[in-house]
Amino acid sequence: MTTKFGFAGAAVIAALFATPAHSDVIKVGVIGTMSGPYALFGQNFKHGIEAWVAEHGAKVGDHQVEFIYRDEESPNPAKSKALAQELIVKDKVQYIAGLYFTPDAMAVAPLLSEAKVPMIVMNAATSAIVEKSPYIVRTSFTMWQNTVPAAKVAFAKGAKKVAIAVSDYGPGIDAEAAFKKTFEAEGGKIVEAIRMPLSTTDFGPIMQRIKDSGADMIFTFLPAGPPTLGFVKAYIDNGLKAGGVKLLSTGDLVTEPDLPNIGDSGIGILSTYHYSAAHNSPENKAFLAEMVKVGAKPDDITMASVAAYDGARVIYKMIEATNGQKDPDKALAAVKGMKWVSPRGPVSIDPETRHITQNIYLREVEKKDGKLQNTELQTFEAQPDWGLAKH
Amino acid sequence: MAWTVLGVVLDAISYGMVLFIISIGLSIMMGLMRVVNLAHGAFAMIGGYLASYALKSLGVSYPLAIILAVIGAILISIPFEFLLYRRIYRKSDELTQILLTIGITFVIIGVANYALGPTSKSIPLPAALSGPFDLGFRMIPAHRLFVIACGLCTALLLWLLIDRTEFGVRMRAAVDNGDMAEALGIRTQLIFTAAFALAIGLAAFGGVVGAELLPIEPFYALRYMVTFLVVVSVGGAGSIAGALSASMLLGLADTTGKYLAPEYGEFFFYLAVILAVFLFPNGLLGRKH
């Protein structure tokens with residue numbers, strides 16, 4: 001007992017003499033899908049952050065930075081909130097990062113102001129998230145951001161009548177609204193808008209419906225995962241591709257790990273997205289090499305890893321600006337308007353919305369050196385989140 | 001309009017056939033051995049994984065991959081049968097069965113997720129079965145016609161096996177009165193082991209041929225289990241014709257619902273279930289217990 005008090009006493013004395021600027025540890029809590037059906041993207045968060053740390057060291061000035069990972073395997077707002085509370089109260093984190101699903105990010109948002117903890121969203125893509133707290137920064141993308149260029153592409157490619165088919169949840173509804181608004185403003189016509197339940201695996205009836213609508217192009221969004229493959233196959237096997245109906249989607253339909261499963265029949269599918277592993281730039285080459293060094297499989301690198309890599313950069317900047325002190329207003333002020341060249345291309349943090357402004361690329365699935373990839377055809381420069389921007 | 005109706009009906013039949021092939025094994029387990037085998041979907045998934053591995057890594061042909069998957073799944077199930085299932089045939093209460101089999105399911109999901117990763121594994125189709133097939137009035141995936149043929153063959157062969165062979169007679173005897181059958185010299189333990197292998201083999205077969213509609217990934221084992229159980233309870237456990245008609249009915253409800261009002265999701269599927277169970281509490285063609 002006495003020894004225990006002795007240690008405690010020593011700790012108190014040590015704390016009195018130590019100044020915070022020297023060799024303290026800044027903790028960052030990362031909530032991600034580390035296990036379960038979406039484990040790939042949790043691994044992507046982890047590898048993206050580790051790649052940044054491997055390149056820039058685990059120290060910002062005199063401050064040691066430590067990332068703590070927490071597992072949230074499915075959309076579960078209650079659990080996410082509990083995890084965030086535990087991170088803030090027990091682990092005393094100064095920053096929260098990660099968040100794959102929109103409902104989870106929404107659940108954590110109300111804690112931030114009271115705890116004075118900034119949150120860096122590395123995936124969740126519903127526009128409204130950043131409006132839920134002034135302490136949120138997002139380094140991923142939004143549905144509006146990716147979909148508005150898609151609608152412009154559709155019109156430029158000569159589509160007159162488009163059928164929209166989206167998954168029936170927040171981001172899907174965002175995608176439908178964004179496409180409809182932009183495409184109709186360009187002068188096109190939406191002949192069908194289908195909301196498919198997330199559990200759909202048989203797309204035969206959906207294809208029949210699209211065929212009956214007389215559309216000349218399909219615009220679709222489904223979250224990356226097993227059903228995307230079924231959708232693409234149903235599109236080909238029900239004769240829509242042969243019948244001249246074009247397919248356009250956001251990049252979620254053709255993420256890099258899914259391409260080998262889609263196979264050669266996917267060649268020629270058009271999509272708009274903010275990141276392709278095939279992006280041709282020195283920054284991306286260096287990033288991919290670093291990712292492999294920290295243990296990521298080259299075929300598993302997706303948009304989530306680049307969002308995490310850039311997210312870590314934002315966190316480092318915040319730590320630097322606050323000199324390791326807990327000062328969220330100062331931290332946020334430091335990253336508003338921040339500009340850099342990311343592996344995905346030039347990006348900046350919009351000072352108004354705190355969402356990342358970035359290039360959106362039109363890509364086509366192409367076979368290069370025996371491997372399928374998303375080759376960039378056209379660039380839409382510096383796209384804001386069209387769902388938030390007052391344009 | 002008539003062509004559209006025919007198109008939807010074709011989609012319904014092929015979806016129903018996938019449900020039938022996978023569920024009939026479960027129906028045999030529940031109807032004949034009185035085991036509520038919640039790990040049935042897990043064995044179907046194992047079949048799918050084996051076929052995917054055989055096709056992509058061993059480079060064997062599609063028919064051979066199906067056979068390997070069925071045999072492989074049965075081999076993997078043998079230790080489970082010997083150590084676990086044998087204790088619960090026709091004896092213990094449902095709660096023991098459910099806890100045991102759901103446990104097996106979780107173990108298989110965990111192992112699959114850890115060893116094979118969370119992404120879905122494709123089962124590449126041979127050229128003859130992939131791509132569209134022109135029926136004259138519409139294109140249909142060639143694979144769906146293959147699934148429909150597989151379903152019909154399965155139903156026919158099973159009916160012959162259970163209704164027309166010596167094995168079938170012994171099996172029905174063992175089910176109806178196990179003690180009496182044993183007294184007459186029928187080795188019921190052997191019969192049950194064979195029926196278990198048959199059920200697992202059918203699950204694996206369904207997992208492979210149905211993979212286009214129900215993609216193979218670690219959570220397959222739980223994701224579709226409710227649907228399989230529903231088919232068995234609507235059709236009546238242990239009845240081949242019951243499982244077939246239930247699969248068709250539910251396939252039609254689900255597909256028509258998706259065509260007419262996709263935003264309603266599974267509403268029409270479960271509406272059909274509620275109506276069927278309300279009108280036929282023992283299943284469409286089930287026997288009273």
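Predicted model only: the values in this text are computed from it and were never measured. (Residues numbered from 1 in each chain as written. Chains lettered and ligands numbered in written order. Predicted model: local features only at pLDDT ≥ 70, side-chain atom pairs only at ≥ 80, totals over all residues. Heavy atoms only, no water.)

Novice: An account of the overall build of chain B is requested, with residue identities and associated values reported.
Specialist: The number of helices and strands found in chain B is 12 helices and 2 strands. Listing every helix and strand of chain B by position from the N terminus yields α-α-α-α-β-β-α-α-α-α-α-α-α-α. Rg of the C-alpha trace for chain B: 19 Å, near the compact-globule value of 19 Å for 289 residues, within the 12% margin. Each of the three principal axes of chain B carries a C-alpha extent, and together these read 60 × 50 × 35 Å. Within chain B, contacts between residues at least 6 apart in sequence are counted, and of these 76% link residues at least 24 apart. For chain B, the accessible area works out to roughly 12600 Å², and carbon and sulfur atoms hold 72% of it. For chain B, the distance from the average site of its 17 positive side-chain charges to the average site of its 15 negative ones is 5 Å. (Helix = DSSP H or I, 4+ residues; strand = E, 2+ residues; numbered from the N terminus. Rg over C-alpha atoms; globule rule 2.2 N^0.38 Å. Contact = heavy atoms within 4.5 Å. Areas by Shrake-Rupley, 256 points an atom, 1.4 Å probe, with all protein chains shown as cover. Lys, Arg positive; Asp, Glu negative; His and termini not counted. Charge placed at Lys NZ, Arg CZ, Asp CG, Glu CD.)

Novice: Outline the overall build of chain A, supporting the account with residue identities and numerical values.
Specialist: Looking only at helices and strands, chain A has 12 helices and 15 strands in total. A compact globule built from 391 residues should have a C-alpha radius of gyration of about 21 Å, and chain A, at 22 Å, falls within 12% of that. With the C-alpha coordinates aligned to their principal axes, the bounding extent of chain A is approximately 80 × 40 × 40 Å. Each of the 391 residues in chain A was classed as buried or not, and the buried ones make up 58%. Contacts spanning at least 24 positions in sequence make up 68% of the contacts within chain A whose residues lie at least 6 apart. The positive charge centre, built from 41 side chains, and the negative charge centre, built from 43, are 2 Å apart in chain A. (Buried < 20%, exposed > 50% of the residue type's maximum accessible area, 1.4 Å probe, protein only.)

Novice: With reference to specific residues and values, describe helix α4 (residues 94–116) of chain B.
Specialist: Residues and elements named next belong to chain B. Its 23 residues place the ends of α4 32 Å apart at the C-alpha level, agreeing with the 33 Å of an ideal helix rising 1.5 Å per residue. If you check which residues of α4 are buried, you get Q97, T101, I104, T105, I108, I109, A112 and N113. Phi turns positive, to about 85 degrees, at G117, one or two residues after α4. (Expected span 1.5 Å × (residues − 1).)

Novice: Lay out the sheet that holds strand β1 (residues 25–32) of chain A with the relevant residues and their values.
Specialist: Residue and element names in this part refer to chain A. Strands sit in the order β2-β3-β1-β4-β5-β6 across an open sheet of 6 strands; the sheet is mixed. Of all the strands in the sheet, the pair left with one neighbour each is β2 (59–60) and β6 (136–138). The pairing of strand β5 (residues 119–121) with β6 spans 3 bridges and is classified as parallel. Considered in β6, the bridge of M119 is made with I136. Of the strands in this sheet, β4 (95–98), β5 and β6 are in contact with helix α4 (residues 102–115), which crosses β5 at around 160 degrees. (Pairing = 2+ DSSP bridges. Axes fitted to C-alpha atoms, helices over the stretch in contact; angles between N-to-C directions.)

Novice: With reference to specific residues and values, describe the pairing of strand β3 (residues 63–71) of chain A.
Specialist: All names here are of chain A. Pairing of β1 with β3 involves 8 bridges; the strand directions are parallel. Residue pairing in the sheet places G32 in a bridge with D71 of β3. As paired elements, β2 and β3 share 2 bridges and run antiparallel to each other. Each bridged residue has a counterpart across the sheet, and for K59 the counterpart in β3 is Q64. Counting the residues that bridge the hairpin from β2 to β3 gives 2 residues, and of these G61 lies at a positive phi of roughly 60 degrees.

Novice: An account of the domain arrangement of chain A is requested, with residue identities and associated values reported.
Specialist: All names here are of chain A. If you check the domain split of chain A, you get domain 1 (2–141 + 280–354) and domain 2 (144–273 + 360–389). The distance between the C-alpha centroids of domain 1 and domain 2 comes to 31 Å. If you look at the interface, domain 1 gives 18 residues, while domain 2 gives 16 residues. Here domain 1 and domain 2 share an interface that buries about 1300 Å² over both sides, 56% of which is from carbon and sulfur atoms. When residues of domain 1 are sorted by the area they lose upon contact with domain 2, S127, F141 and D299 head the list and together hold 35% of the total. Where domain 1 touches domain 2, the interface holds 1 salt bridge. Across the salt bridge formed by K371 and D299, the nearest N and O atoms sit 3.2 Å from each other. The class makeup of the residues in the side of domain 1 that touches domain 2 is 7 nonpolar, 6 polar and 5 charged. (Domains from an automatic or database assignment. Buried area = accessible area lost by both parts, 1.4 Å probe. Salt bridge = Lys/Arg side-chain N within 4 Å of Asp/Glu carboxyl O. Nonpolar A, V, L, I, M, F, W, Y, C, P; charged D, E, K, R; others polar.)

Novice: For the pairing of β1 of chain A, give the residues involved together with the corresponding values.
Specialist: Residue and element names in this part refer to chain A. β1 sits mainly inside the fold: 6 of its 8 residues count as buried. In this sheet, β4 lies alongside β1 in parallel orientation, the contact comprising 4 bridges. Looking at the pairing, V30 lines up with A97 of β4.

Novice: Any chance you could break down the confidence of the model for chain B for me, citing the residues and the numbers?
Specialist: Residues of chain B with pLDDT of at least 70 account for 98%, and the chain-wide mean is 88. Interface scoring of the predicted complex returns ipTM 0.77; its pTM is 0.80. (pLDDT = per-residue confidence, 0-100.)

Novice: How would you explain the side chain of T255 of chain A if you had to name every residue and give the values?
Specialist: All names here are of chain A. Tracing the sequence through the fold places T255 in the loop between β10 (246–250) and α9 (259–262). Classification of T255 as buried rests on a relative accessible area of 3%. Excluding residues within four positions of it along the chain, T255 makes contact with A224 and M303.

Novice: Outline unusual backbone geometry, listing residues and values.
Specialist: Residue and element names in this part refer to chain A. You will see that L99, though not glycine, has its phi angle at about 70 degrees, which is positive. Structurally, L99 can be placed in the loop between β4 and α4. Even without glycine at this site, R354 takes up a positive phi of about 65 degrees. Along the polypeptide, R354 turns up in the loop between β13 (345–349) and β14 (356–368). Judged by relative accessible area, R354 falls into the buried class, the value being 11%.

Novice: Describe in detail the interface of chain B and chain A, supporting the description with residues and values.
Specialist: With 34 residues of chain B at the contact, the number on the chain A side is 28 residues. Roughly 2600 Å² is buried in total at the junction of chain B and chain A, and carbon and sulfur atoms are behind 54% of that figure. Between the two partners, chain B and chain A, sit 2 salt bridges. D202 of chain A serves as the salt-bridge partner of R144 of chain B, at 2.7 Å between the closest nitrogen and oxygen. Applying the counting criterion to the chain B and chain A interface returns 6 residue pairs in polar contact (both at pLDDT 80 or more). (Polar contact = N/O pair within 3.5 Å; in protein donor to acceptor, adjacent residues only side chain to side chain.)

Novice: Tell me about the nonpolar core, and please be specific about residues and values.
Specialist: Counting 93 residues, the largest nonpolar core has Y95, I96, M119, V162, F179, L248 and M318 of chain A as its most contacted members. Ranked by the residues each element gives to this core, the list is headed by helix α11 (residues 303–322) of chain A, at 12 residues. Two domains each provide a minimum of three residues to this core, namely domain 1 (2–141 + 280–354) and domain 2 (144–273 + 360–389) of chain A. The residues contacting V162 of chain A, other than those within four sequence positions of it, are F179, F183, K189, I190, V191, E192, A215, D216, M217 and F219 of chain A. In terms of nonpolar packing, the next biggest core, distinct from the first, is built from 87 residues, A73, F192, L214 and V273 of chain B among them. (Core = buried A, V, L, I, M, F, W, Y, C linked by side-chain atoms within 4.5 Å.)

Novice: If you had to explain helix α6 (residues 170–186) of chain A to someone new, which residues and values would you point to?
Specialist: Taking 1.5 Å per residue as the helical rise, α6 of chain A with its 17 residues ought to reach 24 Å, and the 25 Å between its terminal C-alpha atoms agrees with that figure. Residues of α6 of chain A that are buried: P171, G172, D174, A175, E176, A178, F179, T182 and F183 of chain A.

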